[in-house]
Amino acid sequence: MRCPAPFILKLYEILEEGHDRNRIVSWNKEGTGFVVWLPDEFSELLLPRYFKHNNFSSFIRQLNTYGFKKCATNRWEFQHCKFQNGNRHLLQEITRKKCEPSVFPAFLKASSSEPVCGVVDESSDLLLQENENLRREKLELQMQIDQYKSLHMKLSDSLSQYLGNQNQFRRTC
Amino acid sequence: MRCPAPFILKLYEILEEGHDRNRIVSWNKEGTGFVVWLPDEFSELLLPRYFKHNNFSSFIRQLNTYGFKKCATNRWEFQHCKFQNGNRHLLQEITRKKCEPSVFPAFLKASSSEPVCGVVDESSDLLLQENENLRREKLELQMQIDQYKSLHMKLSDSLSQYLGNQNQFRRTC
Amino acid sequence: MRCPAPFILKLYEILEEGHDRNRIVSWNKEGTGFVVWLPDEFSELLLPRYFKHNNFSSFIRQLNTYGFKKCATNRWEFQHCKFQNGNRHLLQEITRKKCEPSVFPAFLKASSSEPVCGVVDESSDLLLQENENLRREKLELQMQIDQYKSLHMKLSDSLSQYLGNQNQFRRTC
DNA sequence: TGCGTTCTAGAATATTCGCTT
DNA sequence: GAAGCGAATATTCTAGAACGC
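Note that this is a predicted model, so its numbers are computed, not measured.

Reading guide: rules and limits
- Residues numbered from 1 in each chain as written.
- Chains lettered and ligands numbered in written order.
- Predicted model: local features only at pLDDT ≥ 70, side-chain atom pairs only at ≥ 80, totals over all residues.
- Heavy atoms only, no water.
- Near = heavy atom within 4 Å.
- Polar contact = N/O pair within 3.5 Å; in protein donor to acceptor, adjacent residues only side chain to side chain.
- Helix = DSSP H or I, 4+ residues; strand = E, 2+ residues; numbered from the N terminus.
- Nonpolar A, V, L, I, M, F, W, Y, C, P; charged D, E, K, R; others polar.
- Phe/Tyr/Trp six-rings, centres within 6.5 Å; stacked < 30°, edge-to-face > 60°.
- Buried < 20%, exposed > 50% of the residue type's maximum accessible area, 1.4 Å probe, protein only.
- Pairing = 2+ DSSP bridges.
- Contact = heavy atoms within 4.5 Å.
- Axes fitted to C-alpha atoms, helices over the stretch in contact; angles between N-to-C directions.
- Expected span 1.5 Å × (residues − 1).
- Arc of directions from axis to C-beta.
- Parallel < 35°, antiparallel > 145°, perpendicular 65-115°, else oblique.
- Left-handed = near helix turned anticlockwise from the far one by under 90°.

*Asks:* Sorry, what's going on with the protein's contact with DNA strand E here?
*Replies:* Around DNA strand E, a shell composed of 29 residues is seen, among which Ser58(A), Met143(A), Lys97(B), Lys70(C) and Lys97(C) lie nearest. Sugar and phosphate atoms form 64% of the subset of DNA strand E atoms that lie within 4 Å of the protein. The contact in question runs from a phosphate oxygen of DNA strand E to an N or O atom on the side chain of Asn55(A), over 2.7 Å. Within the side chain of Tyr66(A), one N or O atom sits 2.7 Å away from a phosphate oxygen of DNA strand E. The set of elements that each furnish at least two residues to the surface near DNA strand E consists of α1 (6-16), α3 (56-65) and α5 (122-162) of chain A, α3 (56-65) and β3 (69-70) of chain B together with α2 (39-50), α3 (56-65) and β3 (69-70) of chain C. A per-class count over the surface near DNA strand E returns 9 nonpolar, 7 polar and 13 charged.

Next comes the structure, spelled out in structure tokens:
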């Protein structure tokens, strides 16, 4: 891949231009993510300069599309492991999530609507099912990890609050 | 059904109280829907008075949950056939959308009841082994997660002990 | 289908508003199509009022997407059999061309070109791919766990530093 | 339980770019 | 300034899913 995705590049530029606008949006302390401090001003002033809209929700949708995660409960702070202040070369590793339904659900949809076809024999059918189970279980694993990650975030948040602005506990990933 | 859903009732009251606030949100001309003219003011001033948040997106989510549709491309105008100015008695017909179980699981259940046929060709056999491996490895992942979860609990416990009765960590983590 | 596609509706409205703008764009004599007389003015003045761009080529792309055909060699005149002056009710019959690429995934693409006996092989092949995907995704899970484990360690380290030599966190967490 | 709040994803349309003819 | 199309990204609207009360 040659250069970062357009959205990613624009997002980085918004943060690079900084200065006075840092009251609206800025990198977090560790440079491992960014915070939209004033969503209204961000939407009205900055979004139209870089994109073809001024909707905060559309901006959020793009962040999620590229795998960013909201990492604070009381701020519009987002992180992506490849999105770091000063590491412009990492940007090109941030890619859109494949909506690859992974061949499988699509196939099942098709066969469920046309069961008469019977193009796959029984053993293959069982294998299909087995793989489907594996996929589902892996999703559950993912959920557990995510949930646990959320726990970690809350713990960090509470710590920062309790210990004041010594935000050494803010997540560094 | 006795009375309208809480959300629906609050939405109606917001519009009923009208007066000066009509510059922020109001019924449309025909009284067949409503327009949020100033989303920022709406979110900051009105939402907290009626709900436990000030997020416009959460408000939108509720509208969709109850079947409202956005009906203009350049305004935040929403309609629901049972939501009309002056027809308060219709409100109780506005209900949450039920999440249908989707055809998908049904299909899997059906095919899972089939017995193993016995005739399995070579490639399918390999696939079976492969799946077994995947299953085992996933178990190991699960163990790691559980172990890590335990670590997190110990950390939280130690924290609440050390920090005294500021049990914010037991509560939130 | 309820209402016309947004693009179609906007196109019709552009022509309805007529008057002085007819020197820029208008219905043809018979009302069976329309002519963009002045592409530059059209792009600069009218497009931004209705769309999120001012590119004539993007406008053309949309026309083609909905099945309009250029029907003159020396003018920007386009026609679609369902797009006629005065017949607003026909607009909803104008739909996008490509219909079902998402409904017909890899499996059906493969099986559509192969006879039944080949289909099983294809499906086994897809199963192989599927297992490969599962393996890869599980690796990603492992990476997430490892990364998270590292975070936990950092948090513990910071805590024991901040809280002094009460190394209960290093020992137990 | 059902409802509300939050974060993320699905799905359809829109915009851009480049290829084919 | 030829015309049309495939594909990738962008924008919009709605829904899924987890969780708390």
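From this point, the discussion proceeds with the structure in view.
*Asks:* Could you clarify how one ought to interpret the packing of aromatic side chains in this entry?
*Replies:* Two numbers describe a pair of aromatic rings. These are the distance of the centres and the angle of the planes. With the rule as written, the count across this model stands at 45 aromatic pairs over all chains. Ring geometry for Phe34(A) against Phe68(A): centres 6.2 Å apart, planes inclined by 70°, an arrangement best described as edge-to-face. One end of the pair, Phe34(A), is in strand β2 (residues 33-36); the other, Phe68(A), is in the loop between α3 and β3 (69-70), with 34 residues separating them in the sequence. No difference in accessibility class separates Phe34(A) from Phe68(A), as the two residues are buried. With a centroid separation of 5.1 Å and an interplanar angle of 85°, the aromatic rings of Phe56(C) and Trp76(C) are classed as edge-to-face. Here Phe56(C) is found in helix α3, whereas its partner Trp76(C) is found in strand β4 (residues 76-79), with 20 residues between them in sequence.

*Asks:* Whenever I open this one, the sheet that holds strand β4 (residues 76-79) of chain A confuses me. Can you help?
*Replies:* Sheet strands associate in pairs through backbone hydrogen bonding, adopting either a parallel or an antiparallel arrangement. Residue and element names in this part refer to chain A. Strand order in the open sheet made by the 4 strands is β1-β2-β4-β3, with antiparallel pairing throughout. Unpaired on one side and paired on the other, β1 (25-27) and β3 mark the two borders of the sheet. Taken strand by strand, α1 contacts β1 and β2, and its axis lies near 95° from that of β1.

*Asks:* Got a minute to help me understand the protein's contact with DNA strand D in this structure?
*Replies:* Around DNA strand D sit 29 residues, and of these Lys97(A), Asn55(B), Ser58(B), Asn55(C) and Ser58(C) come closest. For DNA strand D, the backbone portion of the atoms within 4 Å of the protein, that is sugar and phosphate, comes to 70%. One nitrogen or oxygen atom from the side chain of Ser58(B) is found 2.5 Å from a phosphate oxygen belonging to DNA strand D. A distance of 2.7 Å is found between a phosphate oxygen of DNA strand D and a side-chain nitrogen or oxygen belonging to Tyr66(C). Only α3 and β3 of chain A, α1 (6-17) and α3 of chain B together with α1 (6-16) and α3 of chain C provide two or more residues apiece to the surface near DNA strand D. Per-class residue counts for the surface near DNA strand D are 9 nonpolar, 9 polar and 11 charged.

*Asks:* Is there a simple way to think about the pairing of strand β4 (residues 76-79) of chain B in this case?
*Replies:* As a general feature of sheets, a regular strand has side chains that alternate between the two faces. Residues and elements named next belong to chain B. Across 4 bridges, strand β2 (residues 33-36) lies against β4 in antiparallel orientation. The residue bridging Gly33 from the neighbouring strand is Gln79, located in β4. Taking the residues that link successive antiparallel strands as the turn, the β3-β4 hairpin has 5 residues.

*Asks:* Sorry if this is basic, but what is going on with α1(B) here?
*Replies:* Residues that lie three or four places apart on an α-helix share one face, since the helix turns once every 3.6 residues. Residues and elements named next belong to chain B. With 12 residues, α1 extends 17 Å between its outermost C-alpha atoms, agreeing within 8% with the 16 Å of an ideal straight helix rising 1.5 Å per residue. Among the residues of α1, Phe7, Ile8, Leu11, Tyr12, Ile14 and Leu15 are the ones counted as buried. Down the axis, α1 shows its buried residues gathered within 155° of arc, on one side only. On its buried face, α1 sits against β1 (25-27), β2, α2 (39-50) and α3. Phi turns positive one or two residues past the end of α1, at Gly18, with a value near 30°.

*Asks:* Any chance you could explain the sheet that holds β1(B) here in plain terms?
*Replies:* Residue and element names in this part refer to chain B. The strand order β1-β2-β4-β3 describes an open sheet built from 4 strands, whose pairing is antiparallel. Looking at strand neighbours, the two that pair on one side only are β1 and β3, the edges of this open sheet. Here β3 pairs with β4 via 2 bridges, running antiparallel. Bridge pairing in β4 links Lys70 to Phe78.

*Asks:* Help me understand the side chain of Ser26(A), please; the structure alone is not making it clear to me.
*Replies:* Residues and elements named next belong to chain A. By the element assignment, Ser26 lies in strand β1. Since its relative accessible area comes to 11%, Ser26 is described here as buried. The residues contacting Ser26, other than those within four sequence positions of it, are Leu15, Gly33, Phe34, Val35 and Trp37.

*Asks:* Is there a simple way to explain the packing of α1(B) against α2(B) in this structure?
*Replies:* Axes are the key here: two packed helices are described by the angle between their axes and the distance separating the axes. Residues and elements named next belong to chain B. Two numbers describe how α1 lies on α2: the axes approach to 10 Å, and their chain directions differ by 120°. On the basis of the axis angle, α1 is oblique to α2. For the crossing formed where α1 meets α2, the hand is right-handed. Of the residues in α2, those touching α1 at Lys10, Glu13, Ile14 and Glu17 are Phe42, Leu46 and Tyr50. Of the residues contributing to the contact of α1 with α2, the split by class is 4 nonpolar, no polar and 3 charged.

In short, the description is geometric, and any link to function would need to be established separately.
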